[in-house]
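Below, each chain spelled out in residue letters.
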Amino acid sequence: MNINPITFILPHGLYKFQWETIKDAANQLSINESSKILIIDVDGCIRDGSHRYHLLPTQEQLDDAMSIWHDPQSAYKAFNDESVYDTRIQPVIRLIQQLTASGEYTPIVLTSCSSNEITTMGLLSQLRKWDVPCELICMRGKGNQNSSVTLKETFLNDLLQCGVKPYNITALDDDKDICNMMRSYDVLALQVEDWTRGD
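Treat the numbers as computed from the prediction; the structure is a model and nothing was measured.

S.K.: For the packing of aromatic side chains, give the residues involved together with the corresponding values.
M.R.: Scanning the entire structure with this criterion turns up 0 aromatic pairs. Between the NZ or CZ atom of Arg-52 and the centre of the ring of Phe-79, over which it lies, the distance is 4.4 Å.

S.K.: Mind laying out the pairing of strand β7 (residues 136-140), listing which residues take part and the relevant values?
M.R.: Burial within β7 is extensive, with 5 of its 5 residues counted as buried. As judged from the 4 bridges shared by strand β1 (residues 6-10) and β7, these two strands associate in the antiparallel manner. Bridge pairing links Thr-7 to Met-139 in β7. Where strand β6 (residues 105-114) lies against β7, 4 bridges are found, and the strand directions are parallel. When the sheet's bridge partners are listed, Ser-114 is paired in β7 with Arg-140. Chirality of the crossover, the property in question, places the unit of β6, helix α5 (residues 117-129) and β7 among those that are right-handed.

S.K.: Any details on the nonpolar core? Residues and values, ideally.
M.R.: Ile-31, Ile-39, Leu-136, Phe-155, Leu-159 and Met-182 are the most contacted members of the largest nonpolar core, which totals 28 residues. Counting only elements with at least two residues in this core, the list comes to β1, α1 (22-29), β3 (36-40), β6, β7, α6 (148-161), β8 (169-173) and α7 (176-183). Among residues more than four places away in sequence, those in contact with Leu-136 are Phe-8, Ile-9, Leu-10, Pro-11, Ile-22, Ala-25, Leu-29, Pro-107, Ile-108 and Val-109. Of all hydrophobic cores here, the second largest spans 22 residues; its members include Val-42, Ile-93, Leu-127 and Trp-130.

S.K.: Tell me about the pattern of salt bridges, and name the residues and values.
M.R.: Tallying each qualifying case throughout the model produces 8 salt bridges. Between Arg-47 and Asp-43 there is a salt bridge, with its nearest N and O atoms 2.7 Å apart. Residue Arg-47 is classed as buried on the basis of its relative accessible area of 2%. Among the salt bridges present, the one from Lys-77 reaches Asp-81, with a minimum N-O distance of 2.4 Å. Taken together, the positions of Lys-77 and Asp-81, both in helix α3 (residues 77-81) and 4 residues apart, correspond to about one turn of that helix. Owing to a relative accessible area of 14%, Asp-81 belongs among the buried residues under this scheme. Each member of the salt-bridge network shares a partner with another, and the members are Asp-43, Arg-47, Arg-52 and Asp-86.

S.K.: Mind laying out unusual backbone geometry, listing which residues take part and the relevant values?
M.R.: You will see that Asp-131, though not glycine, has its phi angle at about 60°, which is positive. With respect to the element layout, Asp-131 can be found in the loop between α5 and β7. The exposure class assigned to Asp-131 is exposed, which follows from its relative accessible area of 52%. For Asp-186, which is not glycine, the phi dihedral falls at a positive 65°. By secondary structure assignment, the location of Asp-186 is in the loop between α7 and β9 (188-191).

S.K.: Give a description of the environment of Leu-99 that names residues and reports values.
M.R.: Among the structural elements, Leu-99 can be located in helix α4 (residues 90-100). Residues in contact with Leu-99, not counting those within four places in the same chain, are Leu-38 and Tyr-105.

S.K.: Can you tell me about α7, naming the residues and giving the values?
M.R.: Along α7, the positions that sit buried rather than exposed are Ile-178, Cys-179, Met-181 and Met-182. Projected down its long axis, α7 shows its buried positions confined to an angular sector of 160°, all on one face. On its buried side, α7 packs onto β3, α6, β8 and β9. Where α7 starts, the residue carrying a side-chain oxygen 2.8 Å from the main-chain nitrogen of Asp-177 turns out to be Asp-175.

S.K.: Go over the side chain of Asp-41, please, and point to the residues and values.
M.R.: Mapped onto the elements, Asp-41 comes out in the loop between β3 and β4 (47-48). Relative accessible area serves as the criterion here: at 6%, Asp-41 is assigned to the buried category. At 2.8 Å, the side chain of Asp-41 forms a polar contact with the side chain of Lys-152. With residues up to four places along the chain from it excluded, the contact list for Asp-41 reads Ile-46, Leu-110, Lys-152, Leu-172, Asp-173 and Asp-174.

Rules of the game
Residues numbered from 1 in each chain as written. Predicted model: local features only at pLDDT ≥ 70, side-chain atom pairs only at ≥ 80, totals over all residues. Heavy atoms only, no water. Phe/Tyr/Trp six-rings, centres within 6.5 Å; stacked < 30°, edge-to-face > 60°. Lys NZ or Arg CZ within 6 Å of the ring centre and 35° of its normal. Buried < 20%, exposed > 50% of the residue type's maximum accessible area, 1.4 Å probe, protein only. Helix = DSSP H or I, 4+ residues; strand = E, 2+ residues; numbered from the N terminus. Pairing = 2+ DSSP bridges. Right-handed = clockwise from strand over helix to strand, strands pointing away. Core = buried A, V, L, I, M, F, W, Y, C linked by side-chain atoms within 4.5 Å. Contact = heavy atoms within 4.5 Å. Salt bridge = Lys/Arg side-chain N within 4 Å of Asp/Glu carboxyl O. Arc of directions from axis to C-beta. Polar contact = N/O pair within 3.5 Å; in protein donor to acceptor, adjacent residues only side chain to side chain.

So this is what it looks like as structure tokens:
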């Protein structure tokens, strides 16, 4: 049993699975060694969550969540749930639309946001309303306490295990550490604007 699960959602059919790895979802999307994949981050990439930064948990809150619930990610619930009120980042969405217009890429949304009824349905609604191309949504599963970098690195390794070549993967993210991790695998990682700068 995977102790750090990722929840997979097929957005067109509202099917939600807590599969072990992306390999379990690959057959649904016909992902193979010739596939070209576009990995799309959410927060700070396609949606602006700056209005909820005040809800990010303090270290004390994280420690309390760990001692009470044995899950520090539970401290992020208020921050994550408020994401339904985020606004879109149109320049990045436009870029995604252009990259996927030919049908060459399979767009996969990969976020470290925890999956629950509010966050999952909210993200689905936003992707549809903002016309963001997406064939699969991957969210943090229940009990997954990995850092965002580790979560996405695990996903990337699983994707490579499906036979997808690094040079056929493009990633869009606002986190420089995640971009650097992707690049260490020879994946083309494009870091979008740091929307928290305010300048």
